[in-house]
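# Topology and contacts: notes
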Amino acid sequence: RAVAGDSFDAKWLYARCHFKAHHYKEVIPLVEDLLKNGGGERLTLLQHLASAYARVDDYKHSIELRKKIINEYNQILIQSQNEPDPKITNQKLKEILPQISQINSEKERNNLSLNINMSLGNYAEAYAITNKILARKETTNMKNLQCLLIEVLNKPKKDIEDCYL
């Protein structure tokens, strides 16, 4: 059992063990304590906490935490405006990308994932996301983006031509 004097890593391991064992009520206070005391990857902690709340049917808290993840993404974008080294911004985007999958709204999740993957140069993943978006609702802008991605990915000329038709 984790106690107050344990290291961050020990408490985090304890919380993850409870999560894997489906003891979500035990996870919540552990992760809240880790967030309160700092250390570790904040977004990963928020993701686990949001999932734990959802699994104990506390959707209000789960949604609030997922909104925090979106807000942190927005902060990364705002801070990138003043960041001279794009590697720092890219690292932050790489760290947040797995947390985006926890967003309940498919539209919001796909749009954020698309934006991040485009920023990181993950064009194959971005192309796959455009397929998902276009399957739900076809728009001219999204179709044009998909056609551009086909070109960037050096797909056959026929695929590029067919895309624009």
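Residues numbered from 1 in each chain as written. Predicted model: local features only at pLDDT ≥ 70, side-chain atom pairs only at ≥ 80, totals over all residues. Heavy atoms only, no water.

## Digging into the state of the cysteines
Rules: Two cysteine sulfur atoms make up a disulfide if the distance between them is within 2.5 Å. Counting from the N terminus, the helices are DSSP H or I runs at least four residues long and the strands are E runs at least two residues long.
Tallied over the entire structure, the rule returns one disulfide. Across a sulfur-sulfur distance of 2.0 Å, C147 and C163 are joined as a disulfide pair. Across the S-S bond of C147 and C163 the torsion is about -90°, and the bridge reads as left-handed. Linking C147 in helix α8 (residues 140-152) with C163 in helix α9 (residues 157-164), this pair joins segments that are 16 residues apart in sequence.

## As for the packing of α8 against α9
When two helices pack together, their arrangement is given by the angle between their axes and by how far apart the axes lie. For clarity, the cut-off: Orientation is described by lines fitted to C-alpha atoms, with helices fitted over the stretch in contact, and by angles between N-to-C directions that extend from 0 to 180 degrees. Throughout this description, any angle smaller than 35 degrees is read as roughly parallel, any larger than 145 degrees as roughly antiparallel, any in the 65 to 115 degree range as roughly perpendicular, and the remainder as oblique. In this analysis, two residues are considered to be in contact whenever any of their non-hydrogen atoms come within 4.5 Å of each other. Residue type decides the class: Asp, Glu, Lys and Arg count as charged, Ala, Val, Leu, Ile, Met, Phe, Trp, Tyr, Cys and Pro as nonpolar, and the leftover types, Gly among them, as polar.
Contact geometry for α8 and α9: axes closest at 9 Å, N-to-C directions at 170°. The pairing of α8 with α9 is recorded here as roughly antiparallel in orientation. Seen from α8, the contacting residues are K143, N144, Q146, C147, L148, I150 and E151; seen from α9, they are D159, I160, C163 and Y164. Of the residues that constitute the contact of α8 with α9, the class distribution is six nonpolar, two polar and three charged.

## Things to note about the side chain of N117
Rule in force here: Relative accessibility decides the category of a residue: with a 1.4 Å probe and only protein chains considered, values under 20% of the type maximum give buried, values over 50% give exposed, and everything between is partly exposed.
Its location among the elements puts N117 in helix α6 (residues 106-120). On the basis of relative accessible area, N117 is assigned to the buried category, the value being 3%. Sequence-distant contacts of N117, defined by excluding residues within four places in its chain, comprise L97, N122, E125, A126 and I129.

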